[in-house]
Amino acid sequence: MKVREIMTKDLTAVEKNIPVRELIFILNNAEMPNVPVVDEDGLLTGFISEKDLIRAALPGYFEMLHSTSFIPDMNQLAKKLAQIADEPIERFIRTTVMSVTEDDDDLQAADLIIRKNIKNVPVVDKDGRLVGRVRRIDLLRHFL
Amino acid sequence: MIVTMTLNPAVDKMYWVEALKVCDVTQEEFLTRATRSTTSAGGKGVNTSVFLSRLGMESVAMGFVGGYTGHVVVRDLRDEGVTTNFVWTHGETRVNVTLLQQGREHSPNLINESGQTILPEEMDRLMRRYRRMLNRATWVVLGGSLPPGVDPGIYGELAQMAKDAGAKVILSTGGEALTRALKACPYIVKPDTREHMTLEGKELTSVDAIVEAGKHVIACGAEIVIISHDVTGDIAITRDDVWEIKSSTPTSKFRNLVGADDAFLGGILYKLVQGEPVSEALKFGLAAGLASAESEEKICRSLAVIEEEMRDVTLVKL
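Residues numbered from 1 in each chain as written. Chains lettered and ligands numbered in written order. Predicted model: local features only at pLDDT ≥ 70, side-chain atom pairs only at ≥ 80, totals over all residues. Heavy atoms only, no water.

A few points about the overall build of chain B
Filter applied, for reference: Starting at the N terminus, helices and strands are each numbered in turn, a helix being any DSSP run of H or I of at least four residues and a strand any DSSP run of E of at least two. Based on C-alpha atoms, the radius of gyration is set beside the globule rule, defined as 2.2 Å times the residue count to the power 0.38. Per-residue accessibility, obtained with a 1.4 Å probe over protein chains only, is compared with the maximum for each type, and a residue is labelled buried under 20%, exposed over 50%, and partly exposed between these values. Pairs of residues are marked as contacts when any of their non-hydrogen atoms sit within 4.5 Å. With residues, only the protein chains shown are counted as cover, and all accessible areas are computed by Shrake-Rupley using a 1.4 Å probe. Asp and Glu count as negative and Lys and Arg as positive, but His and the ends of the chain are not part of the count. Throughout, a charge is located at the NZ atom of Lys, the CZ atom of Arg, the CG atom of Asp or the CD atom of Glu.
Helices and strands together make up the secondary structure of chain B, namely nine helices and 16 strands. Against the globule reference of 20 Å for 318 residues, chain B gives a C-alpha radius of gyration of 19 Å, in line with a compact fold. Projected onto the principal axes, the alpha-carbon positions of chain B cover approximately 60 × 50 × 40 Å. Residues classed as buried in chain B amount to 56% of the 318 residues present. Contacts spanning at least 24 positions in sequence make up 65% of the contacts within chain B whose residues lie at least 6 apart. Put simply, chain B shows about 13100 Å² of open surface, and 49% of that area lies on carbon and sulfur atoms. Each charge sign in chain B was given a centre, from 34 positive and 42 negative side chains, and these centres are 4 Å apart.

As structure tokens, this is what we get:
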């Protein structure tokens, strides 16, 4: 089966200059865990997720901790998030983007999603323009 | 690529009832049980996208959605195979209710909400996305009412942007939004005459008045103007001709008129994209609209039924 047959045909995407606040609004309302970043021609240039924002709002040493018991409460996160809320998302974007094309086999999308442990993978056309995404659930519902 | 823009989409909730009675003031309440109901994504551009998708033609549906009902719209469109590109808003997408009474399906009762208020920043987001989509668009369908908070000049702005990007524009709206958009010279203009039987302030009460008003819009730069004449017939005005498109189908065959006008526009677009002449596109469009009106489903899904319907459609030069 080709990617075009299983993908979710949705072009929800953001540009790198939108503020963090707007990104959180979009992720929340569109109920998406992450969103592709595109340029003004619709070309896929990056990717940003809830995880990237949480990482940006937490202190650098957080990931080195084995336990969160050293952190007294969520105040630090809230404070940092308020500081970056009006900053453009550009510096938090991942610019190394994994993607598949509409004509790729479904196996290629499945391989990326499973091996890279990502929730969805963007789909682009032959020119690199965003045309949709393959979600984990797209794989599951098409093979049931 | 075809882009449809629905600034004020809706969840279309339809109820079929055996008899519709209104609660009397002396009664505490009055229950009418629906014998059937459906829920689907609605709005002019949305319906056109669904029609095209059912005939195997790709399009991208754009506009504003919000809240739980916004998810209903997006989900339904995806299930229909339409590509979605909506801007999420703070508000809630409206719900439009249609009551279809058994034996009187040809004259349904409609209750339409006015829609969510759009904030300036939400409009900015839509414009950014629209600009991006215009890089790939060949046709743009602009249709339907405007939600609160949106300037009536918006369709004119969207039409001009599409024209500047090299796309042809189909416009179907009414009132001030229509009048102001005509300055951008859309390729096809179909006034929504459900609320205002007027075009540029002129009453469209006779064939002569329709032709005169249509010719004025053509003189301003549009290529085709289509104006509803009666339920089973329209008048189309082009630079060279004036046609009456008519069907002999009796209105008693109508089962659901909601969306029929959008299938009409979708049918015209479907044929024009394939390079068919305007005359053929008009006939196919009316057949598509009638096939939709004759099906209980909002939008017809069978090409064979539309082609069958075309046998009853005539195109007469006036």
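Overview of the layout of surface pockets
Our working definition: The distinction between a cavity and a pocket rests on a 1 Å grid over the protein atoms alone: a 1.4 Å probe fits inside a cavity but cannot get out, while a pocket stays open yet meets protein on both sides within 12 Å along at least five of seven lines, and a residue with an atom within 4 Å of a point counts as lining. Grid points are joined across faces, edges and corners, and a volume is the space filled by probe spheres set on the points. Lys, Arg, Asp and Glu make up the charged group, whereas Ala, Val, Leu, Ile, Met, Phe, Trp, Tyr, Cys and Pro make up the nonpolar group; the residues left over, Gly among them, are polar.
In this structure, the second largest pocket encloses a volume near 530 Å³. Lining the second largest pocket are 26 residues, and of these Thr8(A), Arg133(A), Arg135(A), Arg75(B) and Arg78(B) sit closest to its centre. Elements with a contribution of two residues or more to the lining of the second largest pocket: helix H1 (3-6), strand E5 (130-135) and helix H6 (136-143) of chain A together with helix H2 (67-79) of chain B. The greatest single-element share of the lining of the second largest pocket, amounting to five residues, is contributed by H2(B). For the lining of the second largest pocket, the residue count by class is nine nonpolar, five polar and twelve charged.

A closer look at empty space enclosed by the protein
Per the counting criterion, the structure on display carries three cavities of 30 Å³ or more. Reported here for the largest cavity is a volume of approximately 110 Å³. Taken together, Ala13(A), Val14(A), Glu15(A), Ile18(A), Glu22(A), Ile26(A), Val87(B), Trp88(B), Arg125(B), Arg128(B), Arg129(B) and Arg132(B) form the lining of the largest cavity. Every element with two or more residues in the lining of the largest cavity is listed here: helix H2 (20-29) of chain A together with strand E5 (83-88) and helix H3 (120-134) of chain B. Here the residues of the lining of the largest cavity are counted per class, giving six nonpolar, no polar and six charged. Here the second largest cavity is characterised by a volume of approximately 60 Å³. Considering only residue class, the lining of the second largest cavity consists of five nonpolar, two polar and two charged.

A short note on helix H6 (residues 207-219) of chain B
Residue and element names in this part refer to chain B. This is how it is decided: Helix span, as expected, comes to 1.5 Å for every residue beyond the first.
For H6, built from 13 residues, the straight-helix expectation of 18 Å at 1.5 Å per residue is met to within 8% by its first-to-last C-alpha distance of 18 Å. If you check which residues of H6 are buried, you get Ala209, Ile210, Val211, Ala213, Gly214, Val217 and Ile218. Following H6 by one or two positions, Gly221 has its phi on the positive side, about 130°.

This is a description of form; function is not addressed.
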